[in-house]
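# Structural features, examined
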Number of protein chains: 4
Amino acid sequence: MGLRERRAREKEARRRQIIDAARSLLFEKGLQATSINQIAKRAELAVGTIYFYYSSKEELFAELQEEGLELLMEKIQQASLAVGDPKERLRSMAMAYYDFSLEHKDYFDIINYFLSSPKVLLSADFKQRVDQRMEKILVFINATFAKGMEKGTLGEQAQESHGVLLLAAFHGLMQFRKFETTIFQGISHRTLYKRAVGHLLDGIDATLG
Amino acid sequence: MGLRERRAREKEARRRQIIDAARSLLFEKGLQATSINQIAKRAELAVGTIYFYYSSKEELFAELQEEGLELLMEKIQQASLAVGDPKERLRSMAMAYYDFSLEHKDYFDIINYFLSSPKVLLSADFKQRVDQRMEKILVFINATFAKGMEKGTLGEQAQESHGVLLLAAFHGLMQFRKFETTIFQGISHRTLYKRAVGHLLDGIDATLG
Amino acid sequence: MGLRERRAREKEARRRQIIDAARSLLFEKGLQATSINQIAKRAELAVGTIYFYYSSKEELFAELQEEGLELLMEKIQQASLAVGDPKERLRSMAMAYYDFSLEHKDYFDIINYFLSSPKVLLSADFKQRVDQRMEKILVFINATFAKGMEKGTLGEQAQESHGVLLLAAFHGLMQFRKFETTIFQGISHRTLYKRAVGHLLDGIDATLG
Amino acid sequence: MGLRERRAREKEARRRQIIDAARSLLFEKGLQATSINQIAKRAELAVGTIYFYYSSKEELFAELQEEGLELLMEKIQQASLAVGDPKERLRSMAMAYYDFSLEHKDYFDIINYFLSSPKVLLSADFKQRVDQRMEKILVFINATFAKGMEKGTLGEQAQESHGVLLLAAFHGLMQFRKFETTIFQGISHRTLYKRAVGHLLDGIDATLG
DNA sequence: AATGAATGAGACTTCATTCAT
DNA sequence: CATGAATGAAGTCTCATTCAT
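Residues numbered from 1 in each chain as written. Chains lettered and ligands numbered in written order. Predicted model: local features only at pLDDT ≥ 70, side-chain atom pairs only at ≥ 80, totals over all residues. Heavy atoms only, no water.

## Examining the pattern of salt bridges
- Taken as a whole and assessed by the stated rule, the structure comprises 52 salt bridges over all chains.
- Close ionic contact of glutamate 70 of chain A with arginine 133 of chain A constitutes a salt bridge, the shortest N to O distance being 3.2 Å. Taken together, the residues span a long stretch of sequence, with glutamate 70 of chain A in helix H4 (residues 57-82) and arginine 133 of chain A in helix H7 (residues 124-147) at a distance of 63 residues.
- For aspartate 20 of chain C, the salt bridge is made with arginine 23 of chain C, and the minimal N-O distance between the two is 3.1 Å. On the criterion of helical spacing, the pair formed by aspartate 20 of chain C and arginine 23 of chain C is a turn pair, its members being three residues apart in helix H1 (residues 2-29).
- Residue classification places arginine 23 of chain C among the buried positions, given a relative accessible area of 16%.
- Taken together, the shared-partner salt bridges connect Arg15, Glu63, Glu66, Glu70, Arg129 and Arg133 of chain A into one network. (Salt bridge = Lys/Arg side-chain N within 4 Å of Asp/Glu carboxyl O. Helix = DSSP H or I, 4+ residues; strand = E, 2+ residues; numbered from the N terminus. Buried < 20%, exposed > 50% of the residue type's maximum accessible area, 1.4 Å probe, protein only.)

Now the structure itself:
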C-alpha cells in the first residue's frame, strides 16, 4: 500500500509543479502568449511529461480557472463573516469580488476569458467541473439572501435568480473598468461600482420588502 | 469626374467585400481562429489586397466591432421610440439589448470579445474610435434618464454613472447565459434578465424618487 | 523645340524628385528596408510612375551610388588642391576619403554595399557607369602619382597599380572601423588609419626612390 | 550512458546536416536570397527542426562566419610555418589570405558580407563570438611582427596596429578584384596584390629599421 | 514515467512588379 | 504620362502534439 500511496503523492506533486509553472507564465505573458514548450522549460520537465499529466493545453488552463474560482469563493466567504446584517453582508461580498478583480487580476482574467468566450472551449468534463465551482458561489450568495428573508415570500427559484443577478451584474461592471480612462469623466470606477451595488440591493429590497 | 467617383465606389465595394468575408468567418470560427489567409480566400482576393485595404488584422476587426456597436445603437434608439414613459423606455431599451445579443449573436460576441479581453488588443487609434461608439450609446441612455428626472435632483455625474451602470450590468447578465443549461434550473435566462432589469430600475427609482 | 525642351526638363525634375525621396529613405532606414512603395509615398507619386522613370529598384540605387562616387571625387579633388607636395597631397586625399566615410556615411555605405557584394547585383549597363566613376577617381590618384615622379622610373601600368593599391587599402581600413570598440584597445581608428597611410606611402616612396 | 552519448552525437550530426545545407545554399544564392525554408528543404528536415537547432537565421549564419574565420586562421598559420624570416613569413601569410579568398570564395564572401555591412546584423552575443575569432587572427599576425623586431623599438600598441593595418589593407584589395576585368588594364589582380604587400611591408620596415 | 527531437501547417506581413484605365 | 489597385509568392517564425526510445 505504501508504494501506491507514494506513487499517488508523487503524481500529485508533478501536477503541482506543472500548474505552478503554467500559472506563473500565464500571469506574466497572458493566456495566448503562453506555450506548452515554455511551461515545460519553466517546470524543468520535458514537453512529453506535460502531456502525460494534462492531455491538452486546454485542460491545464481549466484547472487554473478552477483555482481562481476557489480563491474567489474563499474571499467572498471571508467577507460575509465580517458582517451581521444580511444586506450589509451582501454589500461586503460585492466589494470582496471587486477587490479580488484587482488583487488577483490574473485569475480574474482567466475566469473572464472563459466566461466571455463565445465558443465552447472546454470539453464537457471540464465545463462541468468549472460550472460546479461557479454554482457553489451562487449557492452561497443565495444562502445569504435566504437568511435575510424571514419576512419575505420568495420561493427557492427566486432566490437563485438573485444570486446570478448580482454576480452577473457585478461581473459586467468589472469589465467596464477599461473605460475608466476614456469614457468615465470624473467618477472613479470604484465609486460607480459601489453605487451600482447600492441600487441593485435597494431594488431587490424594495421587491422583497 | 466620373472616373474618380467610380474609383471611390469600387474601392468602397472592395472594402465591403473584405469585411463581409471577415465577418462571416469570424462568426463561424471565432476571432482567434480566423486568419487573413482565410479571409482572402473567402473574399476571392489575394492576401496582399487585404493589406492594401486594411493595414492589419487588428484594423479589420476594429471595423467589425464598430459595425456591431452602430447596429446596437440603432436597435436601442428604435426601442426607445416605441414607449413614452422614461422608465418604460429604459426597460424597452434593455430588452432591445437582450434581443440584439440573440439576433445578432455574432456582433455581440465581437463586442464582448474586445470588452472582456484583459490585454489591450487595439492600438490607441482604433480604441478611440470604438470608445466613441460606446460613448454614444451611454450618452443616449443618460439622455433618457435625464428626461425622466424632472422631479429628481441628480447632477450630471450621477446621470452618467447610471448609464454605465445599466449597460454594464446588462452586459454581465448576458454573459451568464451560458449557464442556462447547467446552473439555472427551471428559470429561463430571459426571465432572469427581465427580473434583473426590474430590480435595477427600481433601485435607481427609489434613489431618485 | 520649346516643347521638347520643356518636356526634357520636366522629366529630369521628376527623376530628381524620385531620387531625392529614395535617398532620404535610404539614409533613414537602410538599403534593405527601403521599398518602392515607400519611395513613391515620399515622392508623392504613384508607384507606377517610379517604374516609368526607373526600370527597377536596382537602377535607382545604382544612380545613388553614382552620386556618392561623384561626391567622393569632388572631396578628393578639393583635398588635392590644398597642398603642393605630391606625397603630402596624397596624404591629404587619403584623409579626405576618411572624412567622407564619416561625414557622408550613407553614401559610403551604399558604395561599400555594392563594392563588397559578391554577386553581380547590377546589370552590365549600370556596372559600366559605376565603374567609370570609380575609374575617374583612380585616374586622378594616378595623375597625382605621375606628377610626383619626375625622378622615378615607373611606367603607366605601375602608376595605375598604385592608385588601386591606395584606394583599396584605405577602403579596407575603413571597414575595420567597426572593431574600434571591441578589438582595438587604446588606439583610435583614425590614428591607425593615419599610420597606415604613412606606411603605404613610405613603402611606395622607397620603391620609387 | 550509451544512450546519452548517442543522443549527443546525433544532435551534433543534425546541426552539421543543417549547417551543410545552409552553407551550400549560401554559396549558390548569396546571403539575402537564402531562406530558412530552402535550407529546410535541402537538409530534408522540417522548418521547425531548423529552429529547434538554431534559434534564428542570424545564429545559423554567424556559425558559418565562425567556420570561415577558423579556416582562414588555419591557412594563415600553415603559411607562417613554411618560412623562417619574419618578413617573408608575413608575405607568405598575405598570400595565404589571397589564396583563401580564391579557393574558399564562399567563406570569404560570408566574412566580407558581415564585415562590410553597415548595420549590425548580429546581436551582441554573436558579434562577440565572431570578433574573438577575428582577434585571434590579429594576435597571430602581431606575434609574427613581434618576433621580427629584435632590433626595432615599437611598443605594444604599435604592434597591434600593424596587424590590423595589414589585414584591413589586404582585405580591401581583395574587394577590388571585381574591377579586374574593367578598370585594371593589363595588370592581373594577383600581381597588384603582391606589389601592394611589398609596399606595405617595405613601408613598415622602413619605419622599424 | 519520462524524455525531447521532430513535425509541418499555419500565423502575419512585405514587396517588386504589372497593367488596365 | 500618370495612376494605384491588385497580385501572390516568399519571408521568418511559432506551436500543439506525437512517438520512438
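## Description of the relation of the copies chain D and chain C
- With an axial shift of 0.2 Å and an RMSD of 0.7 Å, the rotation relating chain D to chain C amounts to 177°. Seen this way, the second copy is the image of the first under a two-fold rotation axis. Taking C-alpha positions as the reference, the residue of chain D nearest the rotation axis is glycine 203 of chain D, at 1.5 Å. (Least-squares fit on C-alpha atoms with pLDDT ≥ 70 in both.)

## Comments concerning the interface of chain D and chain C
- With 50 residues of chain D at the contact, the number on the chain C side is 50 residues.
- Buried surface at the junction of chain D and chain C, summed over both partners, amounts to about 4400 Å²; 63% is from carbon and sulfur atoms.
- Broken down residue by residue, the surface that chain D buries against chain C is led by Phe176, Ile183 and His199 of chain D, which jointly contribute 15%.
- Summed over the shared surface of chain D and chain C, the number is zero salt bridges. (Contact = heavy atoms within 4.5 Å. Buried area = accessible area lost by both parts, 1.4 Å probe.)

## Here we look at the packing of H4 of chain A against helix H5 (residues 86-103) of chain A
All names here are of chain A.
- Packing of H4 against H5 brings their axes to within 8 Å, and their N-to-C directions diverge by 145°. For the pair H4 and H5, the sense of crossing is right-handed. For the pair H4 and H5, contact is made by Gly68, Leu71, Leu72, Lys75, Ile76, Ala79 and Ser80 and by Arg89, Ser92, Met93, Ala96, Tyr97 and Phe100, respectively.
- Per-class residue counts for the contact of H4 with H5 are eight nonpolar, three polar and two charged. (Axes fitted to C-alpha atoms, helices over the stretch in contact; angles between N-to-C directions. Left-handed = near helix turned anticlockwise from the far one by under 90°. Nonpolar A, V, L, I, M, F, W, Y, C, P; charged D, E, K, R; others polar.)

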